[in-house]
Amino acid sequence: MLEMTREEFEELVAEALDRIPPELTRLMDNVAVFVEDEPPADDPELLGVYEGTPLTDRGEWYAGVLPDRITVYRGPTLRMCESREDVVAETEVTVVHEIAHHFGLDDARLHTLGYG
């Protein structure tokens, strides 16, 4: 397995977030991004997950709620990648994929766009 510290991986996630166009990041609302070492035991190959209410589903009722949560998992990403460059690319795809869920895109559309 490729070795990378948690801090190095967190920096890659931050860099991936920095590459999101500003016109999109300005639209992101009430969402926080986290890095965890491992996903839930029932899905050990999960690279990332979005938990929350997509912007497209929010209405007048949406107020006073906890932030949506995007989590990127270090362990499975490092296990599936063979080089640092692979980790950089996979982390960027995972971050974009989960942010797209925040904007209301589903997995089928993301696969069509190459972010599956």
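Heads up: the structure comes first, above all this text.
Summarised in this report is the structure supplied together with it. Keep in mind it's a predicted model, so treat the numbers as computed, not measured.

How each quantity is defined
- Residues numbered from 1 in each chain as written.
- Predicted model: local features only at pLDDT ≥ 70, side-chain atom pairs only at ≥ 80, totals over all residues.
- Heavy atoms only, no water.
- Helix = DSSP H or I, 4+ residues; strand = E, 2+ residues; numbered from the N terminus.
- Rg over C-alpha atoms; globule rule 2.2 N^0.38 Å.
- Buried < 20%, exposed > 50% of the residue type's maximum accessible area, 1.4 Å probe, protein only.
- Contact = heavy atoms within 4.5 Å.
- Areas by Shrake-Rupley, 256 points an atom, 1.4 Å probe, with all protein chains shown as cover.
- Phe/Tyr/Trp six-rings, centres within 6.5 Å; stacked < 30°, edge-to-face > 60°.
- Lys NZ or Arg CZ within 6 Å of the ring centre and 35° of its normal.
- Core = buried A, V, L, I, M, F, W, Y, C linked by side-chain atoms within 4.5 Å.
- Expected span 1.5 Å × (residues − 1).
- Salt bridge = Lys/Arg side-chain N within 4 Å of Asp/Glu carboxyl O.

Here's the deal with the overall build of the protein
The number of helices and strands found in the protein is 5 helices and 3 strands. The secondary structure elements of the protein, listed N-terminal to C-terminal, are α-α-β-β-β-α-α-α. In terms of C-alpha radius of gyration, the protein reaches 14 Å, essentially the compact-globule figure of 13 Å for 116 residues. Projected onto its principal axes, the C-alpha coordinates of the protein cover approximately 45 × 30 × 25 Å. Going through the 116 residues of the protein one by one, you find that 35% of them count as buried. For the protein, restricting intrachain contacts to residue pairs at least 6 apart in sequence, the fraction spanning at least 24 positions comes to 73%. Counting only carbon and sulfur atoms, one obtains 51% of the accessible surface of the protein, whose full area is about 6,900 Å².

Things to note about the packing of aromatic side chains
Counted by the stated rule, this structure contains 1 aromatic pair. Geometrically, the ring pair formed by Trp61 and Tyr62 is edge-to-face, given 5.6 Å between the ring centres and 80 degrees between the ring planes. For Trp61, a relative accessible area of 53% gives the class exposed. Note on Tyr62: relative accessible area 16%, which makes it buried. The ring centre of Phe34 lies 3.9 Å from the NZ or CZ of Arg69, which sits over that ring.

What to know about the nonpolar core
Met4, Phe9, Val13, Val72, Val87, Val95 and Ile99 are the most contacted members of the largest nonpolar core, which totals 18 residues. At the level of elements, α1 (6-18), β3 (68-73) and α4 (84-102) are the ones that each hand at least two residues to this core. Leaving out residues up to four positions away in the same chain, Val95 has contacts with Val13, Ala16, Leu17 and Val72.

As for α4
In this model, α4 (19 residues) spans 27 Å end to end at C-alpha, consistent with the 27 Å of a helix rising 1.5 Å per residue. Of all the positions in α4, only Val87, Glu90, Thr91, Thr94, Val95, Val96, His97, Glu98, Ile99, Ala100, His101 and His102 are classed as buried. Packed against the buried residues of α4 are α1, β1 (31-36), β2 (48-51), β3, α3 (74-80) and α5 (107-113). Trailing α4 by a residue or two, Gly104 shows a phi angle of about 100 degrees, which is positive.

Brief notes about the pattern of salt bridges
On inspection of all chains with the given rule, the structure shows 8 salt bridges. Taking the shortest distance from any N to any O, the salt bridge between Arg6 and Glu10 comes out at 3.2 Å. Of this pair, Arg6 and Glu10 are both found in helix α1, 4 residues apart, which corresponds to roughly one turn of the helix. Taking relative accessible area as the criterion, Arg6 reaches 26% and is therefore assigned partly exposed. What makes Glu10 partly exposed here is its relative accessible area of 33%. Among the charged side chains, a salt-bridge network with shared partners connects Arg6, Glu10, Asp37 and Arg74.

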